[in-house]
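Observations on the model geometry
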Amino acid sequence: MKKIISSILILGLMFTMITGCTKKEEANVTSNETPAKTEEVKKAILAVSFGTSYADTRKVTIEATEKALSDAFPEYEVRRAFTSNIIIKKLKERDNIQVDTVVEAMDKLKSEGFNEVIVQPLHVIPGAEYNDVKEELRAYNDGTFDIFKLGRPILTTDEDYKLAVEGMKSQIKEDMGVVVLMGHGTHHPANASYGALQEAFVKEHMPVYVGTVEGYPTLDDVINRLKKDKATKVTLMPYMLVAGDHAQNDMAGDEEDSWKTVLKKEGFEIETYLHGLGENEEYRKIYINHAKEAIEGEGEIIPQPLNKVEMGTQEAGKKGILVVSFGTSYADTRKVTIEAVEEKIAKEFSDYQVKRAFTSNMIIKKLKERDGIMVDTPEEALNKMKEEGFEEVIVQPLHIMAGAEYDDLVEATRAYEDTFKKLVVGKSVLSGPVSYEKAANGLMTQVGKLEKGEAVVVMGHGTHHASNASYACLQNKFNDKGLPVYVGTVEAHPALEDVIAKLKKDNIKKVKLMPYMLVAGDHAQNDMAGDEEDSWKTVLKKEGFEVEIYLHGLGENKEYQNIYVENTKEAIAGEHE
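Residues numbered from 1 in each chain as written. Predicted model: local features only at pLDDT ≥ 70, side-chain atom pairs only at ≥ 80, totals over all residues. Heavy atoms only, no water.

1. Structural notes on the overall build of the chain
A tally of regular secondary structure across the chain gives 23 helices and 16 strands. Taken over C-alpha atoms, the radius of gyration comes to 31 Å for the chain, far larger than the 25 Å a tight globule of 577 residues would show. Viewed in the frame of its principal axes, the chain has a C-alpha envelope of about 130 × 70 × 55 Å. Counted over contacts in the chain with a minimum sequence separation of 6, partners at least 24 positions apart contribute 77%. Of the roughly 27700 Å² of accessible surface on the chain, 51% is carried by carbon and sulfur atoms. Here the chain contributes 72 positively and 98 negatively charged side chains, and the mean placements of these two sets differ by 1 Å. (Helix = DSSP H or I, 4+ residues; strand = E, 2+ residues; numbered from the N terminus. Rg over C-alpha atoms; globule rule 2.2 N^0.38 Å. Contact = heavy atoms within 4.5 Å. Areas by Shrake-Rupley, 256 points an atom, 1.4 Å probe, with all protein chains shown as cover. Lys, Arg positive; Asp, Glu negative; His and termini not counted. Charge placed at Lys NZ, Arg CZ, Asp CG, Glu CD.)

Now the structure itself:
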């Protein structure tokens, strides 16, 4: 019996040892297995600039900015793209340097399996080039990348202008005299950025004058300001990413028409500063900050791929003009503004049928429910025009500036590019450099005679869109013309507080308040002319000003009606945004 028990115990012990060894072996196998690999997340920042063929300035500007981005975001691979095909071709043929276009760079990022792409432009303003980049990115905003964002250029928001001014302080020295900055300039609405930059320097009491090669302010405008302020010594600086051809020739060259030569002939002592903004560490920080905002989900919106509306059956020679505005629920002001402009356009272009659309769904709904009035959205109107067989459609906005609403309208019309034989979107009131002259002159026709100590304060809407710079540019134009007109906005900069500070500085006693809007609607009747504590009228009276109210929208102004007609004419002729 004892032998049997002993045998059982021995067998049990052996079983335990065997199973224990087996478990250890299993455990060892498990611990030696390679852990499952997590999929690699590939991230890239694509730095996009116009480019330059000057190797020395490229190194200290574009390459320095790319390095700054790489240092700030080490988990991202920084790549380069140029927008200038001429420079790309020159670098390839002369120096055997290969630089991608935006499309080529994006195709490579796509084929190499990148998950996250941040496109950071090195542009100064959100002008035509910047918008061309946005348009090229459209095709890649289809889910190809898990994260796909676009950063902002230097001058976009109010905060950007403050940082831009602060950044210039590091390169402006006391012995430079006054500084004249040469910007590129453009006929795109973003040219207004230079006017806003000038206002920002004025606000900081800095002796800096902003001019442009191809836009407004011109060199002549700058010279007039310099003489008015009795400047003698001038330092010329490029307000561009690189000190390239414009800086070295148009600004600092010895040719008869260079800025240096012209200013010397005008009697100024001239120094030149040949360094691009890309050499300025503070400006590189702005690009880094904008890339960071894009990484965090902010930044600019990349448009979606288009869903084109197919062409319908067209009637030969059938032409229409779609007049688009935000709209208003005030019947009286609608009649003398929106309807008056539509009637003038219809009279001027009698071979076109004039249609109406509003962009405000709230106003469309209110008019339908309250008054039984049906107004189409732009998309509804375009669909109807397709069904009615229109061959040519001119979309003429009644917007004051090319802001968010204008951009939304342009984007909405893009889907109809193949729907009509011809589809064109006209300009807003404040668009290119020439438009500010027309706008200023047009406003003065409704001002009347002003005595000493009297001024006009115009209330614009204001926006957080980059086009808010239009108000500062308009203010610049009034200043250049020596007109006592002060521009403010309800929702942005310049604010009423900024206007009041200027009025007091200029010893203004009496103010005529006017809306700088198409219609004298809710903002004009309440925010501007109302009796509430925070209305502009009430606040200005409390500040000691005598206040007179002018409750008429710009749509009532014959000169502004003519601007809309002229913009329509240019759109028909093919000149448009």
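What follows continues from the structure just given.
2. Let's talk about the packing of helix H18 (residues 433-444) against helix H23 (residues 558-573)
Where H18 contacts H23, the axes come no closer than 9 Å and their chain directions differ by 150 degrees. For the element pair H18 / H23, the angle class is roughly antiparallel. For the pair H18 and H23, the contacting residues are Lys 438, Ala 439, Gly 442 and Leu 443 in the first and Glu 559, Tyr 560, Ile 563, Glu 566 and Glu 570 in the second. Its residues assigned to classes, the contact of H18 with H23 shows four nonpolar, one polar and four charged. (Axes fitted to C-alpha atoms, helices over the stretch in contact; angles between N-to-C directions. Parallel < 35°, antiparallel > 145°, perpendicular 65-115°, else oblique. Nonpolar A, V, L, I, M, F, W, Y, C, P; charged D, E, K, R; others polar.)

3. As for the environment of Gly 553
Relative to the assigned elements, Gly 553 resides in the loop between strand E16 (546-549) and H23. By relative accessible area, which is 1% here, Gly 553 ends up buried. A C-alpha to C-alpha distance of 5.0 Å links Gly 553 and Leu 518, two positions 35 residues apart in sequence. Sequence-distant contacts of Gly 553, that is, excluding residues within four places in its chain, are made with Thr 337, Met 517, Leu 518, Val 519 and Ala 520. (Buried < 20%, exposed > 50% of the residue type's maximum accessible area, 1.4 Å probe, protein only.)

4. Quick word on H23
When the terminal C-alpha atoms of H23 are compared, their 23 Å separation across 16 residues agrees well with the 22 Å that a helix rising 1.5 Å per residue should span. On its buried face, H23 sits against strand E9 (319-325), helix H13 (331-336), helix H14 (338-348), strand E11 (392-397), strand E12 (422-425) and H18. Two residues or fewer after H23 comes Gly 574, characterised by a positive phi angle close to 105 degrees. (Expected span 1.5 Å × (residues − 1).)

5. Some details on a negative patch on the surface
Residues Glu 174, Asp 175, Glu 269 and Glu 271 make up a contiguous surface patch of negative charge. Mapped onto the elements of the fold, Glu 174 is located in the loop between helix H7 (158-169) and strand E5 (178-183). Owing to a relative accessible area of 85%, Glu 174 belongs among the exposed residues under this scheme. (Patch = residues over 30% accessible without salt bridge, like charges linked within 9 Å, V, L, I, M, F, W, Y side chains within 5 Å. Salt bridge = Lys/Arg side-chain N within 4 Å of Asp/Glu carboxyl O.)

6. Considering the pairing of E12
Of the strand pairs in this sheet, E11 and E12 are connected by four bridges, and their pairing is parallel. Looking at the pairing, Val 393 lines up with Leu 423 of E12. Handedness of the crossover joining E11 and E12 through helix H17 (residues 404-414): right-handed. (Pairing = 2+ DSSP bridges. Right-handed = clockwise from strand over helix to strand, strands pointing away.)

7. Topic: the nonpolar core
Residues Tyr 239 and Tyr 516 are the most contacted members of the largest nonpolar core, which totals 91 residues. In this view, Tyr 239 contacts Val 124, Ile 154, Leu 155, Ala 164, Met 168, Leu 181, Met 182, Gly 183, Leu 197, Leu 277 and Tyr 283; residues no more than four positions away in its chain are not counted. (Core = buried A, V, L, I, M, F, W, Y, C linked by side-chain atoms within 4.5 Å.)

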